2 protein chains.
Amino acid sequence: MKIILASFIILLSIFTVQGQESLSAGGSTASPSIDPDGKVTFQLEAPDAARVLVTGDFIPDGIDNRQPVPMVRGEEGIWSHTTGPLESELYYYNFIVDGVRITDPGNVYQMRDVASVMNYFIVDGGPGSKGHYYSANNIPRGSVSKVWYDSPALGFNRRMSVYTPPGYESDGRSYPVFYLLHGAGGDEEAWLSLGRASYILDNLIAEGSAVPMIVVMTNGNPGRQAAPGETAEGLYRPGARGGAPGRSTMEESFPDVIRFVERTYRTLPGKENRAIAGLSMGGGHSYRISMSYPDLFDYVGLFSAASQISPREDSTPEQIEAIESYKSKLAVQFSDPPRLYYIACGDTDFLYPAFDQLTSYFDEMGYPHVKVESDGGHTWRNWRIYLTDFARRVFKSDPNPA
Amino acid sequence: MKIILASFIILLSIFTVQGQESLSAGGSTASPSIDPDGKVTFQLEAPDAARVLVTGDFIPDGIDNRQPVPMVRGEEGIWSHTTGPLESELYYYNFIVDGVRITDPGNVYQMRDVASVMNYFIVDGGPGSKGHYYSANNIPRGSVSKVWYDSPALGFNRRMSVYTPPGYESDGRSYPVFYLLHGAGGDEEAWLSLGRASYILDNLIAEGSAVPMIVVMTNGNPGRQAAPGETAEGLYRPGARGGAPGRSTMEESFPDVIRFVERTYRTLPGKENRAIAGLSMGGGHSYRISMSYPDLFDYVGLFSAASQISPREDSTPEQIEAIESYKSKLAVQFSDPPRLYYIACGDTDFLYPAFDQLTSYFDEMGYPHVKVESDGGHTWRNWRIYLTDFARRVFKSDPNPA
């Protein structure tokens, strides 16, 4: 067979080394390159450009504050910029060429956040560091599926992403299920791409710090069936609002999700084998779903959550009524408290007031919870940290590992 | 629950309409727009750019020949170009801004071919037209999984993509399996993204022209475990060569794939329930795998295949020996011929000579086969057509539908 392989390679190289189709050459300059000390060099071949900048969250107060860094034109029109040493982390960036914000043609690794496409790279500081948890490593790997399920409450088939732990295909074992919900503008792909959920789970399970589990990532927009491009709505431009209102809400329709998952996958039964967490809008969903079905979840996580507990000066009577209903439901939920109620937020997050009000209310009512206040704002960087922390705690009788 | 939803929307809009994280604004101009008559308008806001072009396979003899079309600068620095009416099809394109080839920041829909990232759009001419088969439609949808399996022959875990037909999760039925292989420079994601395999299968199954089936898309680079970015090799720049040689070949290791699939999924047994096809290098794999295991596949497809049957003037004795072994194996395979042996190629494909030699040899030997000669070259446009045609024929007692 060695001979056959060799003859095939020769055949290919005679016809040209062309690959699949390889329509275009891609960027001719590989970018970025990462030094062992964490210095990152971006490069772009652009001899005819007048001005090239790089922007990204590797810049302190970076993309948010739009402080792009000018790149320097070098020999033969190759522009470059080298950062100082960066800590172990996943970073986003874009180039700006003569005023146009672009992705790096030398880097095929990209993520979409709502309507923005950004390149990313990972500085991996080795085992135990953030960049390592977000990387593909040489360990057993779980599978990821995009699955369609029927939602009678919403009136159509919908798409979810499902992570099954390494070995699921052959071990015959049953697993606990963690429902992980995205924010406004997101979809069932957000936690997998921007949140690196499957890599984080693989790494935590491999090091033995998380219980092997199934992770279900739903689409939190009740008026939509699936991520942009995956429905008969066509290749529309994604927006922060998730389409028209649905026939019912995520809260009302969530039993459709659980019913499908527990019928389709090998799952362990009972409250102690279900967790739910979400970010921003998905934190609000997790808040209201877990209180609406107090017997379903023993582990609840709110990450930078839209979790209302206090009326505002301009609240309508209906809004005040809704908040009162939350309080009654929380009272029922905490009559037999979940093993873990985890509430996390960054100190510069625009939802910090909601976090502060909710944790104060929980303190006042004596509802046991874990309060995590981190640096930073409403960012995936924080949500990956919260996921890594939360996933270590769930499905354990002591959900507060040191 | 309506009240809760309303109060949540108000809450969000008070804090800003910010979504998940929404680091950057994305392109401010939505692009492209498609008229009902198939005219497509590209737009890019670039007031400071000196020259903007668009290139793509919507241009006759487009990207291959590098004949980009200048875009016209309009009001407020918005550059645009409108095509003539385009036929129902999926098209790729890039912009070139002051000499830098970029993706369209107004379009989040992208595909990667080896190291090139391109935008795409679909002109959908309605049911029965190519663009429609490549689109997500309002029909039952199959699931797509990225699954890790053990390959003892290659010495590591490897990743494959698996399409299961609509209803697979709940119907308890068993299905035939179609193994679909990519070309050099590709990986287990190529047929799903560039080849639109899951959309094509969904549409063919929904219209009743293809049998519901499982489609398994392997990684054809025996020295690699998975697609770029999905292994401990890190975020490397993809190349046309698929890494180092493996411990054995795709041919020798293929039983590992079949063993895993038939143990893990509900599959129908026997030769009549297995098909194999591939493009370019994957066509060569399909050629040699099917001849090496003549009892395994009743349906074989070679798409623009690297399928050697004739020695060249400079062939080494080893290569001549390999070709002789192909002839012996084909003789065994055709002693009980597959129900369908499908050989397709475009008339300007650089592998056309291999197609011509193989079909001539089959004619000479009286080996039954279906010969499909199309327009065009070594392109995904052709491979999508061949897949659509081939998938309609497999697992049928008469694999030659009108």
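Asker: Could you give me a rundown of the overall build of chain A, with the residues and numbers involved?
Answerer: Looking only at helices and strands, one finds 10 helices and 18 strands in chain A. Taken over the C-alpha trace, chain A has a radius of gyration of 23 Å; the compact-globule value for 402 residues is 21 Å, and the two agree within 12%. A buried classification covers 61% of the 402 residues belonging to chain A. In chain A, 72% of the contacts between residues at least 6 apart in sequence involve partners at least 24 apart. If you sum the accessible surface of chain A, you get close to 14100 Å²; carbon and sulfur atoms cover 51% of it. Considering chain A, the positive charge centre built from 34 side chains and the negative charge centre built from 48 side chains are found 4 Å apart.

Asker: Account for the pattern of salt bridges, naming residues and giving values.
Answerer: Taken as a whole and assessed by the stated rule, the structure comprises 46 salt bridges over all chains. Across the salt bridge formed by A:Glu262 and A:Arg274, the nearest N and O atoms sit 2.6 Å from each other. In this pair, A:Glu262 is assigned in helix α6 (residues 250–264) and A:Arg274 in strand β15 (residues 274–279), connecting sequence segments 12 residues apart. Between B:Arg392 and B:Glu207 there is a salt bridge, and its shortest N-O distance comes to 3.3 Å. Highlighted residues: B:Arg392 in helix α10 (residues 380–393) and B:Glu207 in the loop between α5 (197–206) and β14 (214–217), separated in sequence by 185 residues. Owing to a relative accessible area of 22%, B:Arg392 belongs among the partly exposed residues under this scheme. The exposure class assigned to B:Glu207 is partly exposed, which follows from its relative accessible area of 41%. Where salt bridges share partners, they join A:Asp57, A:Glu87, A:Glu89, A:Lys130, A:Arg381 and A:Arg384 into one cluster.

Asker: Go over the environment of B:Asp389, please, and point to the residues and values.
Answerer: Residue and element names in this part refer to chain B. In this structure, Asp389 sits in helix α10. For the pair Asp389 and Ser209, spaced 180 residues apart in sequence, the C-alpha to C-alpha distance is 9.9 Å. Among all residues touching Asp389, those that are not within four sequence positions of it are Tyr342 and Val372. Of note is the side chain of Asp389, whose polar atom sits 2.6 Å from the side chain of Tyr342.

Asker: Let's hear about helix α7 (residues 281–292) of chain B: which residues, and what values?
Answerer: Taking 1.5 Å of rise per residue, the 12 residues of α7(B) would be expected to cover 16 Å, and the 16 Å separating its terminal C-alpha atoms lies within 8% of that figure. Taking burial as the measure, the 12 residues of α7(B) include 11 buried ones, the bulk of the element.

Asker: I'd like to hear about the pairing of strand β10 (residues 116–123) of chain A, residue by residue, with values.
Answerer: All names here are of chain A. Most of β10 sits out of view: 8 of its 8 residues are buried. Side chains of β10 alternate between two faces, with Ser116, Met118, Tyr120 and Ile122 and Val117, Asn119, Phe121 and Val123 buried alike. Judged from the 5 bridges that link them, strand β7 (residues 89–97) and β10 form a sheet pairing that is antiparallel. By the bridge assignment, Tyr93 is partnered in β10 with Asn119. Sheet analysis places strand β9 (residues 110–113) next to β10, joined by 4 bridges and oriented antiparallel. Following the sheet pairing, Gln110 is matched in β10 by Asn119. What sits between β9 and β10 in their antiparallel hairpin is a turn of 2 residues, with Val114 showing a positive phi close to 55°.

Conventions we followed
Residues numbered from 1 in each chain as written. Chains lettered and ligands numbered in written order. Predicted model: local features only at pLDDT ≥ 70, side-chain atom pairs only at ≥ 80, totals over all residues. Heavy atoms only, no water. Helix = DSSP H or I, 4+ residues; strand = E, 2+ residues; numbered from the N terminus. Rg over C-alpha atoms; globule rule 2.2 N^0.38 Å. Buried < 20%, exposed > 50% of the residue type's maximum accessible area, 1.4 Å probe, protein only. Contact = heavy atoms within 4.5 Å. Areas by Shrake-Rupley, 256 points an atom, 1.4 Å probe, with all protein chains shown as cover. Lys, Arg positive; Asp, Glu negative; His and termini not counted. Charge placed at Lys NZ, Arg CZ, Asp CG, Glu CD. Salt bridge = Lys/Arg side-chain N within 4 Å of Asp/Glu carboxyl O. Polar contact = N/O pair within 3.5 Å; in protein donor to acceptor, adjacent residues only side chain to side chain. Expected span 1.5 Å × (residues − 1). Pairing = 2+ DSSP bridges.

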